[in-house]
Amino acid sequence: MKKLLLLMLLPAVAFAQSHQLTKADKIYGLSKFWQEVNYNFVYLNKIDRNKWDSTYKALIISIPETKTDYEYYHEMQRFCATLKDGHTNVNMPAGKDFEPLTTMFGNYRLFIENVEDKAIITRVNFSKKDEIPVGSEVIEVNGIPTAKYIAEYVAPYISSSTDYGLKDWSRSNLLQGLEGSQFEIKIKKPKGQILSLKLTHQHTEEKEVFPAFSSSLLDFKWYPNNVAYIALNSFVEAKIDSLFISKLPELYKAKGIIVDLRKNGGGDTWVGSYILKYLTNDSLLYGARYSTRQLNSAFKAWGKYTSTKDTVNSEWNKKALLTYQDNYFYDFDYHPLKNDLSAKRIVVPTVLLIGHHTASAAEDFLIYADNQKHMTKIGRNSCGSTGQPYWFDLPGGGSARVCTKKDTYPDGREFVGYGIKPDIEIIPTVKDFIANKDATLNTAVNYLNKKIK
């Protein structure tokens, strides 16, 4: 099953100048999105329907008055964000007028992350590493304290299934804007000095950043006591399976394995599950259960005249009432995945590194691995967002998607909106970033060394 990568669509500060959509187009696009959510959104039963409808009615008046097409889509994203789902989004049209920059400001390049609930600069372009040390905090944006700026201008536009995801994306996209957008920020350096900067979004020519990124699909290295580290950074490309197989001669020598999924935003479920087959002796692997809303128009019509007392000992009436309430679900047939791999397996103490960016198909991998006694999850909660989105077009070249499928553990436990929890939680600190220290990985190495000894 194809699992699309998690897509977060966030606001820019400056509005583009293009204006092509008519008022009718704007109302139609708004109504199309509202309609498709009502008809297809699998978590409709978790939202405040009265508030959802009243917001829609208010937007019918205000959204046709948006000054540009960009501003229109910006407001559509705000509407979408009220659903609080990472697999339900509104996408801007293609083109320069709709493509914001996040980290590039000409001579400066700043990467910001949520560390200890602060907007911490964790990477910069190499030439600025002394001027703006890693671990510096953005404390003010355009004369507004960062937390207040986020609450007013950033967070309301982010579609996220979890509160911690909302915090992460609000900070990493704190300074997002179209080319030419300007910001005045104040930065507090690790030693307390305050630096004021005026920044304008434009492409940065300098490529090297500090600390450097790893762009590999798969990373592999050894740690003491024959502990093998392998990072599976994406399941989008089936190529990662062959890359993994190429490492098998070395992995068969391992006494312990660390599988790093912290950068894995998903892709194809079957790509990840194929790799997992090598890491267990089990002949059956139990993945997520699926369900979706089911609408039968006649049952919905009957349900309008059905009360709760009518459902006693009557499956027909129960179905009618639930359908009328948009709360009748179809449960997909469930079959465990057969592990008929003929190759030699690698079943040794194994750590799975997970974090807030472990999403979608990578979370499916974790569900399959949930009952593996030789595996331990270390890190932070996973992203907590997956499902099957339904894509459709919006006026002016934009698009949207609505999550249609609910995924749970095999026993029905929910993880969408909560994340898959680690067995050992490690929360990175500002001091870790300043020291370029990977506390999660270090914990995993120490844990396996003790296991092996």
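Calculation rules
Residues numbered from 1 in each chain as written. Predicted model: local features only at pLDDT ≥ 70, side-chain atom pairs only at ≥ 80, totals over all residues. Heavy atoms only, no water. Core = buried A, V, L, I, M, F, W, Y, C linked by side-chain atoms within 4.5 Å. Buried < 20%, exposed > 50% of the residue type's maximum accessible area, 1.4 Å probe, protein only. Domains from an automatic or database assignment. Contact = heavy atoms within 4.5 Å. Phe/Tyr/Trp six-rings, centres within 6.5 Å; stacked < 30°, edge-to-face > 60°. Helix = DSSP H or I, 4+ residues; strand = E, 2+ residues; numbered from the N terminus. Lys NZ or Arg CZ within 6 Å of the ring centre and 35° of its normal.

- As recorded by an unreviewed UniProt entry, the protein chain carries the name C-terminal processing protease CtpA/Prc and is attributed to Pedobacter psychrotolerans.

**Description of the nonpolar core**
Then, number 1: Residues Phe33 and Phe235 are the most contacted members of the largest nonpolar core, which totals 70 residues.
Then, number 2: Counting residues domain by domain, this core receives three or more from each of domain 1 (23-91) and domain 3 (218-287 + 336-384 + 419-452).
Then, number 3: With near-sequence residues (within four places) excluded, Phe33 lies in contact with Trp52, Met76, Phe79, Cys80, Leu83, Thr88, Asn89, Val90, Phe392, Ala400 and Val402.
Then, number 4: Counting residues in hydrophobic clusters, the runner-up holds 24 residues, among them Tyr149, Phe183, Ile187 and Leu195.

**Considerations on the packing of aromatic side chains**
Aromatic ring pairs are defined here through the distance separating the ring centres and the angle between the ring planes.
Then, number 1: Counted according to the given criterion, the structure contains 23 aromatic pairs.
Then, number 2: Between the aromatic rings of Phe126 and Phe210, the centroid separation amounts to 6.2 Å while the plane-to-plane angle is 80 degrees, which identifies the pairing as edge-to-face. With a gap of 84 residues between them, Phe126 in the loop between β4 (118-125) and β5 (137-141) and Phe210 in strand β9 (residues 209-210) connect regions that are remote in the sequence.
Then, number 3: Among the residues examined, Phe126 registers a relative accessible area of 33% and is labelled partly exposed.
Then, number 4: Where Tyr149 meets Tyr153, the ring centres are 5.1 Å apart and the plane angle is 40 degrees; that geometry is what we call tilted. One end of the pair, Tyr149, and the other, Tyr153, are both in helix α4 (residues 146-154), 4 residues apart, so they sit about a helical turn from each other.
Then, number 5: Through a chain of ring-to-ring contacts, three or more aromatic side chains come together here, namely Phe33, Trp52 and Phe79.
Then, number 6: Just above the ring of Tyr108 sits the side chain of Lys128; from NZ or CZ to the centre is 4.5 Å.
Then, number 7: Above the ring of Tyr229, the side-chain terminus of Lys221 is found at 5.1 Å from the ring centroid.

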